[in-house]
Amino acid sequence: MTTALAGDGPATQAQLTRVTGLSAGTVASIVHDLEAEGRLKLSPTTSSGRRALLIHLVDTGRVAAGIDIGRAHVRAIIASPTHEILGEAVRRLPVGHDADTGIAAAVEVLDQALSQADRTHAHILGAGVGIPGPFDTETGRIGSGAILPEWVGLDIADRMSAVLGLPVQVGNDANLGALAHLGWGEHSAGENFVFVKIGTGIGMGLVVDGRVYTGHSGLAGEIGHSVVIDQGAVCRCGNRGCLETVASTAAMLHALSAVPKPPSTTDELVERALAGDIATCRVVEDAGASLGKVLGQIASILNPHTILIGGPLSVLNGHLLDPIMRGLTRHTVPDIIDTTTVAMAGLGDRAEALGAALSVLMAADPADLYGPVDHSPSGLEVSR
C-alpha cells in the first residue's frame, strides 16, 4: 500500500481499496497500524461530497545517492523518493584518473551533496554508481577497453561499498542515462527508445517496453565500437575505425589539434561550434554523419520510437542533430525515418547520476523508503 501512496500521492481509504484490490477492512487495519508506527498521517478531506480522511506518507528524510564517475569528473546527486533533487555537487578530475583518486573524489562530492540536502549518511538508502565503458554484470567488474584503464578488473561495488559504508549498485553510464529519462525525463514507461551518450566514449542505453535492456552480461549498447572506417585509426578496444575514433569528444579535439589555438576541452569545443567556427563545425558535422550512419543501422534493427542524444554535446542542438539526421536518413529506410523521433536529451550532464539514484529507489523496499531512520551513532558511521 505504501507503494501506491508513493507512486500516486495521498489517497483516501476508498481510493486505496480500489487501487490495491484489498478489502476495505484490510486497508483500514493497515492504515491504523502504519499510522501508529508514525509512517502515515491523516488529514480531513471530502470525497464524493462526503467527509473522508486523506492518507499521506510521512517524509522520513530517506534519500538515494547517485554518483557518476567520468573520465575527468565525478558528480553526486541526492534524490528523494518523490524524485526531488535535494543536493548536487561535481568535481573535475585529472583525465584518466586512477581508482583511488576517483573514489576519494566520490566521497568528497557525496559529502558536499549531503550537506546541501541537509541530510546525513543515516538517511541514505544506498548509492548507485555510473561507470563509463563496459561493466560486466556477471563478474561485477569493469571490462577491458574501458575509458578508465586504471579501473579495469576492479570490483567497483565492493570497493565503493567499503569506502562509503553504504550498499552500492553499479551500472554502465549510458544505461543509467536511459533509466533517468524514464524517471525524470519526458518519456513514459512502456515506450521504446535509445539514449546515446556522446563523450570521451560513446555508449547507448536501450529501453524496451519501459525497461532498460542490458543484454546477457550487461554489455549491450557498446555502439562506440561499431566499425565505420575499415582501415581507420586504431581504437582503445584494439580494433580499427570504431565510431569512437571519429565521433567522440576526444576524437573531435584530436582532429582540431592542427588548427591555430586548438580547443583543449569539450567546453571550448562547444563554445566554438556555437560561435560558428568553421573548422569546429566541420568536425562536428563529420562526427554527426558517422553517428547517423550507425544509428541508422540501430534504428533498422530496433525500430525505436525515439533516439535521444545525450552527453556534453547535447547543447549543440542543430549543429550536431542536423548531420545526424542526414546520416540516419541515408542509412535506413524511409518508413523508419518517418516513425522515429530524434532529439537532444533534456537532462544534460545530470542524466547518469540521476539514473544511478533512480536505480536505488527502484530497488528499495517501500518499508525502507518510508520506515524510521536510524539516528544512532552506528547509523552515522562511514568507513573511509
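Bear in mind the structure is a predicted one, so any value in this text is a computation, not a measurement.

Chemist: Is there a simple way to explain the packing of helix α6 (residues 173–183) against helix α13 (residues 351–363) in this structure?
Modeler: Helix-helix packing: each pair is described by the crossing angle between the helix axes and the interaxial distance. Viewed as axis vectors pointing N to C, α6 and α13 meet at an angle of 75 degrees, and their least axial separation amounts to 7 Å. With respect to each other, α6 and α13 are oriented roughly perpendicular. On α13, the residues that touch Asp173, Leu176, Gly177, Leu179, Ala180, His181 and Gly183 of α6 are Ala351, Glu352, Leu354, Gly355, Ala356, Leu358, Ser359 and Met362. Its residues assigned to classes, the contact of α6 with α13 shows eight nonpolar, five polar and two charged.

Chemist: Explain unusual backbone geometry to me, please; I cannot follow it from the model alone.
Modeler: Here Lys261, not a glycine, exhibits a phi torsion of approximately 50 degrees, which is positive. Overall, the relative accessible area of 72% leaves Lys261 in the exposed class. Residue Asn303 is not a glycine yet carries a positive backbone phi of 50 degrees. If you trace the backbone, Asn303 turns up in the loop between α10 (278–302) and β14 (306–310). Judged by relative accessible area, which is 42%, Asn303 ranks as partly exposed.

Chemist: How should I be thinking about empty space enclosed by the protein in this particular structure?
Modeler: A water-sized probe, rolled over the atoms, reveals where empty space remains. Following the criterion strictly, the structure yields one cavity of 30 Å³ or more and no others. Looking at the largest cavity, its volume works out to about 40 Å³. Lining of the largest cavity is provided by Pro134, Phe135, Asn172, Ala174, Gly203, Met204, Gly218, Leu219, Ala220, Gly221 and Glu222. The residue inventory of the lining of the largest cavity, partitioned by class, reads six nonpolar, four polar and one charged.

Chemist: In this structure, what is going on with the layout of surface pockets? I would like to understand it.
Modeler: Reported here for the largest pocket is a volume of approximately 880 Å³. Lining the largest pocket are 38 residues, with His73, Arg92, Thr200, Thr266 and Pro312 positioned closest to its centre. Elements that contribute at least two residues to the lining of the largest pocket include exactly β5 (73–79), β6 (85–92), β12 (202–208), α8 (249–255) and α9 (266–274). A per-class count over the lining of the largest pocket returns 11 nonpolar, 15 polar and 12 charged.

Chemist: Help me out: how do you make sense of the sheet that holds β14 in this one?
Modeler: Remark on secondary structure: sheet strands pair via backbone hydrogen bonds, oriented parallel or antiparallel. Reading across the sheet, the five strands line up as β13-β12-β11-β14-β15 and stay open at both edges, with mixed pairing between neighbours. Each having just a single partner strand, β13 (211–213) and β15 (341–344) make up the two edges of the open sheet. In this sheet, neighbouring strand axes are inclined to one another by 25 degrees on average, regardless of whether the strands run parallel or antiparallel. Note: strand β11 (residues 193–198) against β12, six bridges, orientation antiparallel. Considered in β12, the bridge of Phe195 is made with Gly205. Those strands touched by α6 are β11, β12, β13 and β14, and its axis lies near 45 degrees from that of β12.

What counts, and at which threshold
- Residues numbered from 1 in each chain as written.
- Predicted model: local features only at pLDDT ≥ 70, side-chain atom pairs only at ≥ 80, totals over all residues.
- Heavy atoms only, no water.
- Axes fitted to C-alpha atoms, helices over the stretch in contact; angles between N-to-C directions.
- Helix = DSSP H or I, 4+ residues; strand = E, 2+ residues; numbered from the N terminus.
- Parallel < 35°, antiparallel > 145°, perpendicular 65-115°, else oblique.
- Contact = heavy atoms within 4.5 Å.
- Nonpolar A, V, L, I, M, F, W, Y, C, P; charged D, E, K, R; others polar.
- Buried < 20%, exposed > 50% of the residue type's maximum accessible area, 1.4 Å probe, protein only.
- 1 Å grid on protein atoms, 1.4 Å probe; cavity = no way out; pocket = protein on both sides within 12 Å on 5 of 7 lines; lining within 4 Å.
- Points joined across faces, edges and corners; volume = space filled by probe spheres on them.
- Pairing = 2+ DSSP bridges.

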